[in-house]
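Topology and contacts: notes
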Amino acid sequence: LLINLLVINILSANDVIKLRFEEIIIESNPIKKTNTTYSKKIVNFLQNYIIGSESLGKFSIKINVKRYDIKIIKPQEKYLFSFSKNSGDKVSLHELILDIEVKDSAMKVLNLTELKVESFRSFDNIVSLKVRKEVNNEIYSQIEKKLKENLKKYFLIKFGDLLIPN
């Protein structure tokens, strides 16, 4: 436990994860309608964040951005009739789903995991398009932070031997 905490602290100080994989593939193959702008940003972020170095065996990892979805949700009204159409707040919800597949040299799947990250923020119902874009960018940065934490935990727990401390 003490060693795990020490490694987590060391990893959180750096902005990259170094892995001992021969091949690291990061791509976006959405299965449903997805927001292509943010899924491309996630792919670029992951390509800069996950670095391969000094392979230990012939392991390969494939990270696929399965879906990046943005939903605008309006909470239900308390009353049956509302006098103003624009009353209340809306919630912008961003949902990211990644597939992480690890294979050995014989192309046998060793691990297949679906990683899900969500973040949301409420905003006023009557806002301009510029404000909505700013809200979406803020939520995207929250998704990036949560994704960093989740990936660090995932690689430390599942593939601690293939993780290079910085």
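Description of the structure in this document. For clarity, every value in this text was computed on a predicted model and none was experimentally measured.

1. Some details on the nonpolar core
Counting residues in hydrophobic clusters, the biggest one holds 29 residues, and the most contacted among them are Ile42, Leu46, Leu96, Leu147, Leu151 and Phe155. Elements supplying a minimum of two residues to this core: β1 (17-19), α2 (36-49), β4 (60-73), β5 (89-103), β6 (109-124) and α3 (129-158).

2. Description of the sheet that holds β5
Across the sheet, which stays open at both edges, the four strands sit in the order β2-β4-β5-β6 with mixed pairing between neighbours. Edge strands, defined here as strands with exactly one partner in the open sheet, are β2 (23-28) and β6. Adjacent strand axes in the sheet meet at a mean angle of 15 degrees, parallel and antiparallel pairs treated alike. As judged from the six bridges shared by β2 and β4, these two strands associate in the parallel manner. Within β4, the residue paired with Ile24 across the bridge is Ile61. Strand contacts of α2: β2, β4 and β5, with the helix running at about 145 degrees to β4, the strand carrying the most contacts.

The rules behind the values
Residues numbered from 1 in each chain as written. Predicted model: local features only at pLDDT ≥ 70, side-chain atom pairs only at ≥ 80, totals over all residues. Heavy atoms only, no water. Core = buried A, V, L, I, M, F, W, Y, C linked by side-chain atoms within 4.5 Å. Buried < 20%, exposed > 50% of the residue type's maximum accessible area, 1.4 Å probe, protein only. Helix = DSSP H or I, 4+ residues; strand = E, 2+ residues; numbered from the N terminus. Pairing = 2+ DSSP bridges. Axes fitted to C-alpha atoms, helices over the stretch in contact; angles between N-to-C directions. Contact = heavy atoms within 4.5 Å.

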